[in-house]
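So you can see what is in the structure, the chains are spelled out below.
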Amino acid sequence: QLARIQTDSVVEMLRELYPNLRFEIVAMSTTGDKILDTALSKIGEKSLFTKELENALERNEVDLVVHSLKDLPTSLPPGFTIGAVCKRENPLDAVVFHPKNCGKTLSLLPEKSVIGTSSLRRAAQLKKKFPQLEFRDIRGNLNTRLKKLDEKEDFSAIILAAAGLKRMGWENRIGQLLSPEDCLYAVGQGALAVEVRAKDQEILNMVSALQDADTVLCCIAERAFMKRLEGGCSVPVAVNSMLKDGQLYLTGAVYSLDGSDSLRETMQTSVNYPPQNEDGPNDDVQHIGITAKNVPGQAQEAAENLGVELASLLLSKGAKHILSVARQLNDA
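Here the structure is a predicted model, which is why all the values come from computation and not from measurement.

## A look at the nonpolar core
Among soluble globular proteins, nonpolar side chains are generally buried collectively.
And then number 1: Among the nonpolar cores identified, the biggest contains 45 residues, and Phe-225 and Val-254 are the most heavily contacted of them.
And then number 2: Taken together, the elements giving at least two residues each to this core come down to strand 2 (80-85), helix 9 (213-229), strand 9 (237-244), strand 10 (247-255), helix 10 (297-316) and helix 11 (319-331).
And then number 3: It is helix 9 that provides the largest number of residues to this core, a total of ten residues.
And then number 4: Contact partners of Phe-225, with chain neighbours within four places excluded, come to Val-237, Ala-238, Val-239, Leu-250, Gly-252, Ala-253, Gly-307, Val-308, Leu-310, Ala-311 and Leu-314.
And then number 5: In terms of nonpolar packing, the next biggest core, distinct from the first, is built from 16 residues, Val-10, Ala-84, Leu-204 and Met-206 among them.

Now the structure itself:
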């Protein structure tokens, strides 16, 4: 349902921009939708929510695919690109409480209360912050997870992305928003990506009208950080980014599975570049899988370099060891 709402919202924007075009929505389910009894981090497949959709794109059965950007690997298969990143919804994580805990916050829950999350990143940060709570895997789409929370007594609360709850119209269920001090968010969280065939200039030009420059620059930096760390679903990597007065700020962190070991740093760079006339051979340079036609190339480069430099700083302080231990423990 959420995937459908997200796709509808993108199509709605396109219809307003191109009233003479006819858009048809093709629904399909993916590996990630079908395997519901295993934690995401254990399945070991990089493109869990994207492969089937990309196959349809490759076969020209569809012309564009709408994803949650956080589901897209930092390296896309050859021939594909993210042609637009839409304006980001609130990227923070949210706590939804069991009805009996209404009005509480995580710190007010009784000791040994069980919190549901399928994310190693969320669990690692919150275990450290709230050692009195227990964290357990919960899978399924938003509807399923909320049903599990409300109808059983297994969980006192569950952690979800605020953006998904908002898009579903369930904002009233958010009992607590987790600030970046409590919990840094996932790379790309809250942003929608439109994936297209890289050579399809007509479609690329069409979707580039949906591009939100600030969101694109934040997400390029976040994705570059993740790629340099070789992070993914199976390790706890988290970020927080912000653009203010032409400065892009990126905070990035890595965690051990139990959160006891962590590294966190913040860096900034200027992305204040005028739009250039970028026609010519450099027309479609991709940055971490994103083709942003109407965002200055120098700004995109600066954003990418920021992510790489921040990751390199963490690696120089021992991030590789933390992540490889986390990966081994998770595989075990």
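Continuing now.
## Side note on the pattern of salt bridges
And then number 1: As enumerated under the stated definition, the model contains 15 salt bridges in all.
And then number 2: Taking the shortest distance from any N to any O, the salt bridge between Asp-93 and Arg-122 comes out at 2.8 Å. Of this pair, Asp-93 sits in strand 3 (residues 93-97) while Arg-122 sits in helix 5 (residues 120-129), placing them 29 residues apart in sequence. Here the two residues Asp-93 and Arg-122 agree in accessibility, since each one is buried.
And then number 3: Between Lys-317 and Glu-265 there is a salt bridge, with its nearest N and O atoms 2.6 Å apart. You can see Lys-317 sitting in the loop between helix 10 and helix 11 and its partner Glu-265 sitting in strand 11 (residues 262-270), a full 52 residues away along the chain.
And then number 4: The exposure class assigned to Lys-317 is partly exposed, which follows from its relative accessible area of 45%.
And then number 5: A cluster of three or more residues bridged by salt bridges with shared partners is formed by Asp-63, Arg-197 and Asp-200.

Parameters and conventions
- Residues numbered from 1 in each chain as written.
- Predicted model: local features only at pLDDT ≥ 70, side-chain atom pairs only at ≥ 80, totals over all residues.
- Heavy atoms only, no water.
- Core = buried A, V, L, I, M, F, W, Y, C linked by side-chain atoms within 4.5 Å.
- Buried < 20%, exposed > 50% of the residue type's maximum accessible area, 1.4 Å probe, protein only.
- Helix = DSSP H or I, 4+ residues; strand = E, 2+ residues; numbered from the N terminus.
- Contact = heavy atoms within 4.5 Å.
- Salt bridge = Lys/Arg side-chain N within 4 Å of Asp/Glu carboxyl O.

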